[in-house]
Amino acid sequence: MNILNINPESLYDGALFGLSQGKVDVISGLIFISGQVDWNTDYEVVNKDIEAQAESAFENLLAVLTEGDSSVNNLLQLRVYIRGELSEHMPKIVPILTKYLGTARPAITGIGVASLASPDTLVEIEALARISS
C-alpha cells in the first residue's frame, strides 16, 4: 500500500473521529499530520493555559513525526490555530515555536479562530513534512 497511517500509542485514538494522527504518502515521501492538541488518551485537555497547551501540542507533533520517520528539520509547513485574536497571543506562542523549531524554519501560518476541538482547547497545530531520507 502506498499510504500508511501513523497513530502513536502515546496519543489519543483518532478512530472515534475517523482520523489518523498522520498519513504518509510513500510515493511522494510526504507526511500529513492532523491537528495536534493538548489531549490525553481519554480525549481530555490536560493544561489550562495557552503556553502549556502549545508545548503539549508540539510534543504530540514530535511523536507523530518520530513514528513517521521524520523530524522537525523535515517540516515543510505548520498551521497554528489559536482560539481568539492571534495577535494577542503571539508574545506567548512565538518563544514556543522557536524552542521547538530551532533553525528548521518551515512555512508557518497563524490563524485566530472562534472554536477548536473542545471548549477548553486553545491551540491546535497541523503540519506537512517529508520523511527522512
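As shown above, the structure is provided for reference.
Since we're looking at a predicted model, the values are computed, not measured.

Visitor: Sorry, what's going on with the nonpolar core here?
Guide: Taken as a class, soluble globular proteins show a tendency for nonpolar side chains to be buried jointly. F58, L61, L75, L78, V123 and I125 are the most contacted members of the largest nonpolar core, which totals 29 residues. Each residue touching V123, except ones within four places of it in the same chain, is listed here: Q36, V37, I50, Q53, A54, Y81, I82, I93 and L116.

Visitor: What is the right way to read the sheet that holds strand β3 (residues 30-36) from this model?
Guide: Hydrogen bonds between backbone groups are what pair the strands of a sheet, and the pairing can be parallel or antiparallel. The mixed open sheet is built from six strands, whose spatial order is β1-β2-β3-β6-β4-β5. Where the open sheet ends on each side, the last strands, each with one partner, are β1 (3-6) and β5 (107-113). If you compare each strand with its neighbour and ignore which way they point, the axes differ by 15° on average. In this sheet, β3 lies alongside strand β2 (residues 22-25) in antiparallel orientation, the contact comprising four bridges.

Visitor: Explanation requested: the packing of aromatic side chains in the structure shown.
Guide: For any two aromatic rings, the description comes down to two numbers: the centre-to-centre distance and the angle of the planes. Going through the model one piece at a time under the given rule, you end up with seven aromatic pairs. Where Y12 meets W39, the ring centres are 5.0 Å apart and the plane angle is 55°; that geometry is what we call tilted. Of this pair, Y12 sits in the loop between β1 and β2 while W39 sits in the loop between β3 and α1 (50-67), placing them 27 residues apart in sequence. Under the relative-accessibility criterion, W39 is labelled buried at 10%. Ring plane angle 80° and centroid distance 5.6 Å describe the contact between F17 and Y43, whose orientation is recorded as edge-to-face. Taken as a pair, F17 in the loop between β1 and β2 and Y43 in the loop between β3 and α1 lie far apart in primary sequence, 26 residues in all. The exposure class assigned to F17 is partly exposed, which follows from its relative accessible area of 44%. An aromatic cluster is defined as three or more aromatic residues linked by ring pairs; in this entry it consists of Y12, F17, W39 and Y43.

Visitor: Which parts of the structure should I look at to understand the pattern of salt bridges?
Guide: Note on pairing: side chains with opposite charge can pair once their charged atoms come close. Throughout the structure, instances matching the rule amount to three salt bridges. Residue D120 is joined to K48 by a salt bridge in which the shortest nitrogen-to-oxygen separation is 3.9 Å. Of this pair, D120 sits in the loop between β5 and β6 (123-130) while K48 sits in the loop between β3 and α1, placing them 72 residues apart in sequence. Ionic pairing is found between E126 and R79, a salt bridge with its closest N-O pair at 3.2 Å. Residue E126 is found in strand β6, and its partner R79 is found in strand β4 (residues 75-83); the two are separated by 47 residues along the sequence.

Visitor: What's the story with the side chain of N74 in this structure? I'm lost.
Guide: Position of N74 relative to the elements: it lies in the loop between α1 and β4. Once residues within four sequence positions are removed from consideration, N74 is found in contact with A129, R130, I131 and S132.

Visitor: So what exactly am I meant to see when it comes to helix α2 (residues 86-101) here?
Guide: A turn of α-helix holds 3.6 residues, and therefore any two residues three or four places apart point the same way. With 16 residues, α2 ought to run about 22 Å at 1.5 Å a step, yet its terminal C-alpha atoms sit only 19 Å apart, falling short of that. At K92, α2 is deflected by roughly 50°, the largest bend along its length, and proline P95 occurs up to four residues later in sequence. All of the buried residues along α2 are L86, H89, I93, I96, L97, Y100 and L101. Buried-residue contacts for α2 involve α1, β4, β5 and β6. Positioned one or two residues after α2, G102 has a phi angle of 55°, which is positive.

About the thresholds
Residues numbered from 1 in each chain as written. Predicted model: local features only at pLDDT ≥ 70, side-chain atom pairs only at ≥ 80, totals over all residues. Heavy atoms only, no water. Core = buried A, V, L, I, M, F, W, Y, C linked by side-chain atoms within 4.5 Å. Buried < 20%, exposed > 50% of the residue type's maximum accessible area, 1.4 Å probe, protein only. Contact = heavy atoms within 4.5 Å. Pairing = 2+ DSSP bridges. Helix = DSSP H or I, 4+ residues; strand = E, 2+ residues; numbered from the N terminus. Axes fitted to C-alpha atoms, helices over the stretch in contact; angles between N-to-C directions. Phe/Tyr/Trp six-rings, centres within 6.5 Å; stacked < 30°, edge-to-face > 60°. Salt bridge = Lys/Arg side-chain N within 4 Å of Asp/Glu carboxyl O. Expected span 1.5 Å × (residues − 1). Bend = angle between axes of the 7 residues up to and from the residue.

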